[in-house]
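# Observations on the three-dimensional arrangement
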Amino acid sequence: MRVGIIGGTGDIGEGIAMRLSRITDVCVGSRDLSKAQGTCDACLMSAKECGVNCSVKAGTNQEVVEQSDLIILAIPFKHLKTTVESITGWEGKIVVSPVNPMERRESFVYTPPPEGSAALYLQKILPPTTRICTAFNNIAGNRWCDITTELEYSVPVCGDDQEAKQIVMSLVDRISSLKGYDAGPLSSSHIVESITPLLLNIARFNKMKDVGIRFV
Ligand SMILES: NC(=O)c1ccc[n+]([C@@H]2O[C@H](COP(=O)([O-])OP(=O)(O)OC[C@H]3O[C@@H](n4cnc5c(N)ncnc54)[C@H](OP(=O)(O)O)[C@@H]3O)[C@@H](O)[C@H]2O)c1
């Protein structure tokens with residue numbers, strides 16, 4: 001299975017690319033092909049240093065969608081619409097949203113769109129056959145990038161397509177020590193997305209770093 005990462009050059013995108021390219025084929029997407037190639041070079045160098053295999057290639061965001069079975073949208077909420085609408089070929093693809101609409105005020109605040117969540121907003125702007133799942137919303141970019149750190153987190157996965165949700169949870173379970181959990185339908189995504197500003201507030205007010213969640 002090839003996993004494409006739109007925004008594979010960003011804070012979580014590059015870290016996800018590093019981790020995933022060691023276990024499956026990855027296509028890193030960007031609006032700027034040379035930036036995507038830079039992330040691929042970083043993945044290849046890191047894998048070489050660790051003596052492990054790595055399968056990664058660069059592409060435009062359009063190529064990522066064309067060439068991948070599962071696409072992670074690792075971009076800020078405010079750029080979702082222009083990015084999604086600039087690309088064709090979403091039909092039938094599994095699309096994973098780690099997107100958390102939020103703002104930093106005196107504390108971090110969840111700011112969903114009128115649809116209720118970033119995931120439901122995506123459902124509105126993507127073709128109806130796209131198989132959308134929410135996942136990876138609550139893991140800090142720093143943790144993804146620190147490849148020597150074991151990721152001992154729980155990953156809630158929301159979605160309406162059971163097969164797609166199983167595929168996403170199986171992928172999650174192959175990354176470090178992550179464990180995927182079925183968190184219900186896509187309409188429950190607001191619960192998962194809103195955990196992230198909570199985690200950031202806990203980190204900020206308790207002088208902690210990269211706080212995550214684990215279900216026991
Ligand atoms: N950062 C975290 O710790 C974290 C944790 C959990 C979830 N998330 C979620 O993951 C998503 C990505 O977060 P991030 O912090 O990784 O974002 P980011 O680093 O700020 O941006 C990610 C990528 O978005 C693309 N981008 C930037 N401006 C754009 C524009 N005007 N139009 C289209 N694409 C643009 C860029 O890719 P190119 O320039 O290569 O096209 C950039 O590398 C967000 O929705 C966030 O809520 C983040």
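Please refer to the structure placed before this passage.
Read on for a plain summary of the structure. (Residues numbered from 1 in each chain as written. Predicted model: local features only at pLDDT ≥ 70, side-chain atom pairs only at ≥ 80, totals over all residues. Heavy atoms only, no water.)

## Some words on the sheet that holds strand E1 (residues 2–6)
- One open sheet accounts for eight strands, arranged E3-E2-E1-E4-E5-E8-E9-E10; its pairing is mixed. Edge strands, defined here as strands with exactly one partner in the open sheet, are strand E3 (56–60) and strand E10 (179–182). Each strand axis lies, on average, 25° off the axis of its neighbour in the sheet, ignoring direction.
- Of the strand pairs in this sheet, strand E5 (residues 94–97) and strand E8 (residues 131–134) are connected by four bridges, and their pairing is parallel. Residue pairing for E8: Val 95 is matched across the bridge by Ile 132.
- Contacts from helix H7 (residues 162–174) reach E1, strand E4 (70–73), E5, E8, strand E9 (154–159) and E10, with the element oriented near 160° to E10. (Pairing = 2+ DSSP bridges. Helix = DSSP H or I, 4+ residues; strand = E, 2+ residues; numbered from the N terminus. Axes fitted to C-alpha atoms, helices over the stretch in contact; angles between N-to-C directions. Contact = heavy atoms within 4.5 Å.)

## Here we look at the packing of aromatic side chains
- One pass over the structure, following the stated rule, counts three aromatic pairs.
- The side chain of Lys 179 reaches across the aromatic face of Tyr 181, ending 5.1 Å from its centre. (Phe/Tyr/Trp six-rings, centres within 6.5 Å; stacked < 30°, edge-to-face > 60°. Lys NZ or Arg CZ within 6 Å of the ring centre and 35° of its normal.)

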